[in-house]
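# Structural overview for review
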Amino acid sequence: WKHGKCASMMKVVVIGKAVPKYSIFIKFCRCLKGYSREKLASAVGITRVSISNYEKGEHEPSLITFEKILIELGFNITDYYHFDAKRMTELFNKDE
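Residues numbered from 1 in each chain as written. Predicted model: local features only at pLDDT ≥ 70, side-chain atom pairs only at ≥ 80, totals over all residues. Heavy atoms only, no water.

### Let's talk about the overall build of the protein
Let me state the cut-off plainly: In DSSP terms, a helix is any run of H or I states spanning at least four residues, a strand is any run of E spanning at least two, and both are numbered starting from the N terminus. For every residue, the accessible area obtained with a 1.4 Å probe (protein chains only) is divided by the maximum for its type, and the residue is called buried under 20%, exposed over 50%, and partly exposed between those limits. Contact definition: two residues touch when any of their heavy atoms are within 4.5 Å. Per-residue accessibility takes into account occlusion by the displayed protein chains alone, with areas from the Shrake-Rupley method and a 1.4 Å probe.
Scanning the protein from N- to C-terminus turns up seven helices and zero strands. Ordering the α and β elements of the protein from the N terminus gives α-α-α-α-α-α-α. A buried classification covers 43% of the 96 residues belonging to the protein. For the protein, restricting intrachain contacts to residue pairs at least 6 apart in sequence, the fraction spanning at least 24 positions comes to 65%. Of the roughly 5600 Å² of accessible surface on the protein, a fraction of 54% belongs to carbon and sulfur atoms.

### Remarks on the packing of helix α3 (residues 37–44) against helix α4 (residues 48–56)
Counted only if it meets this: Note on method: axes are straight lines fitted to C-alpha atoms, helices fitted across the in-contact stretch only, with angles between N-to-C directions ranging 0 to 180 degrees. The cut-offs work like this: below 35 degrees is roughly parallel, past 145 is roughly antiparallel, 65 to 115 is roughly perpendicular, and the gaps in between are oblique. Under the scheme applied, nonpolar residues are Ala, Val, Leu, Ile, Met, Phe, Trp, Tyr, Cys and Pro; charged residues are Asp, Glu, Lys and Arg; polar residues are all the others, including Gly.
Close contact between α3 and α4 brings their axes to 8 Å; oriented N to C, the two are set at 110 degrees. Considering their axes alone, α3 and α4 lie roughly perpendicular with respect to each other. In this structure, α3 uses Arg37, Glu38, Leu40 and Ala41 to contact α4, whose residues at the interface are Arg48, Ile51, Ser52 and Glu55. By residue class, the composition of the contact of α3 with α4 is three nonpolar, one polar and four charged.

### Some thoughts on α3
The condition that has to hold: Think of it as the arc spanned by the lines of direction from the helix axis to the C-beta atoms.
Within α3, burial applies to Leu40, Ala41 and Val44. The buried residues of α3 occupy an angular sector of 100 degrees when the element is viewed end-on, so they sit on one face. Buried residues along α3 sit in contact with α2 (21–33), α4 and α5 (63–73). Within two residues after α3, glycine 45 carries a phi angle of roughly 80 degrees, on the positive side.

### Describing the packing of α3 against α5
Stated formally: Helix crossings fall into two classes, left-handed where the near helix is turned counterclockwise from the far one by less than a right angle and right-handed where it is turned clockwise.
Orientation of α3 relative to α5, taken along the N-to-C sense of each, is 115 degrees, at an axis distance of 9 Å. For the pair α3 and α5, the sense of crossing is right-handed. In this structure, α3 contributes Leu40, Ala43 and Val44 to the contact, and α5 contributes Lys68, Ile69, Glu72 and Leu73. Of the residues in the contact of α3 with α5, the class split is five nonpolar, no polar and two charged.

### Points about the side chain of arginine 30
So the rule is basically this: Polar contacts, as used here, are pairs of N or O atoms within 3.5 Å; protein pairs need one atom able to donate a hydrogen and one able to accept it. Residues neighboring in sequence count only if both atoms are side-chain atoms.
Examined against the element boundaries, arginine 30 turns out to sit in helix α2. Of note is the side chain of arginine 30, whose polar atom sits 2.9 Å from the backbone oxygen of tyrosine 35.

### A look at the environment of serine 36
Within the secondary structure layout, serine 36 lies in the loop between α2 and α3. For the pair formed by serine 36 and isoleucine 51, sequence separation is 15 residues and the distance between their alpha carbons is 9.8 Å.

Keep in mind that these numbers describe shape and distance, not what the molecule does.
Set out below in structure tokens:
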């Protein structure tokens, strides 16, 4: 399941360390929707560094911020709970 830049972006998040599910979900959804960190941050009223920290699992977004991110990207909390992070990382790392 190759998606060029998306695949390489996901590998940065998932290779070599365990990251929280929310981190993988934010990065996956952002990539899927074609948003840069800057575009997403601007749309939800936070900094690009905050988005980066969430995606790396270095900081956890507040529930309000997480909901804003999901809404901006066209997802909701139900999508998050049904998201299979393990399966997505397997798909992105398949056939390297």
